[in-house]
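The primary structure of each chain is shown beneath.
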Amino acid sequence: MNPRHMAALTLVSWFLVIPPNTNLSRQWEVPLSQWQVYKTFDTGKECVSNLMDIQSRIIHDYKGKSLPLSTRPLVLGQCVASDDPRLKGK
């Protein structure tokens, strides 16, 4: 692999992003560029693992109950690379 390519790969981090708390019934429709970075990771694998842990805990803790508003953005969270063009908006 070209040294320049390796340098570019190491600059990419991963974000666990969550939608803003506005209009809770349609959070998933908010453009990704308006979502908030909840946590940053070195790899996509770390991000996905963390997101799955968070979502599993929420599902376990609130099984059969209504989710509090504060947990809903985390349920919709996504992992995206820091260079994902959707983060820049239009």
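Preceding this section is the structure that the text describes.
Calculation criteria
Residues numbered from 1 in each chain as written. Predicted model: local features only at pLDDT ≥ 70, side-chain atom pairs only at ≥ 80, totals over all residues. Heavy atoms only, no water. Helix = DSSP H or I, 4+ residues; strand = E, 2+ residues; numbered from the N terminus. Contact = heavy atoms within 4.5 Å. Disulfide = S-S within 2.5 Å. Buried < 20%, exposed > 50% of the residue type's maximum accessible area, 1.4 Å probe, protein only. Pairing = 2+ DSSP bridges. Axes fitted to C-alpha atoms, helices over the stretch in contact; angles between N-to-C directions. Salt bridge = Lys/Arg side-chain N within 4 Å of Asp/Glu carboxyl O. Polar contact = N/O pair within 3.5 Å; in protein donor to acceptor, adjacent residues only side chain to side chain.

Colleague: How should I be thinking about the side chain of Ser-13 in this particular structure?
Modeller: Residue placement: Ser-13 occurs in the loop between α1 (3–10) and β1 (14–18). Setting aside its immediate chain neighbours within four residues, Ser-13 contacts Thr-40, Phe-41, Val-80, Ala-81 and Ser-82.

Colleague: What am I meant to see in the state of the cysteines here?
Modeller: Linking two cysteines covalently via their sulfur atoms produces the bond known as a disulfide. All chains considered together, the criterion is met by one disulfide. Linked covalently through their sulfurs, Cys-47 and Cys-79 form a disulfide whose S-S length is 2.2 Å. Between Cys-47 and Cys-79 the sulfur-sulfur dihedral comes to about -95 degrees; the bridge is accordingly left-handed. Placement of Cys-47 in helix α2 (residues 44–61) and of Cys-79 in strand β3 (residues 78–81) is noted, with a sequence separation of 32 residues between them. Relative accessible area serves as the criterion here: at 0%, Cys-47 is assigned to the buried category.

Colleague: Got a minute to help me understand the sheet that holds β1 in this structure?
Modeller: Backbone-to-backbone hydrogen bonds join strands into a sheet, with any given pair of strands oriented parallel or antiparallel. Strand order across the open sheet formed by three strands is β2-β1-β3, with antiparallel pairing between neighbours. In the strand order of this sheet, the two ends are held by β2 (36–41) and β3, each with one partner. When strand polarity is set aside, the average angle formed by the axes of neighbouring strands in this sheet is 35 degrees. Here five bridges tie β1 to β2, and the two strands are oriented antiparallel to one another. Directly across from Ile-18, in β2, lies its bridge partner Gln-36. In the packing of α2 onto the sheet, the strands contacted are β1, β2 and β3, and the crossing angle to β1 comes to about 30 degrees.

Colleague: Sorry if this is basic, but what is going on with the pattern of salt bridges here?
Modeller: This model, assessed by the stated rule, comprises one salt bridge. The partner of Arg-86 in a salt bridge is Asp-84, and the shortest N-O contact between them spans 2.8 Å. Among the residues examined, Arg-86 registers a relative accessible area of 46% and is labelled partly exposed.

Colleague: What should I look at first to understand the side chain of Asp-84 in this one?
Modeller: Turning to its location among the elements, Asp-84 is positioned in the segment after β3. A polar contact of 2.8 Å, which involves the side chain of Asp-84, links it to the side chain of Arg-86.

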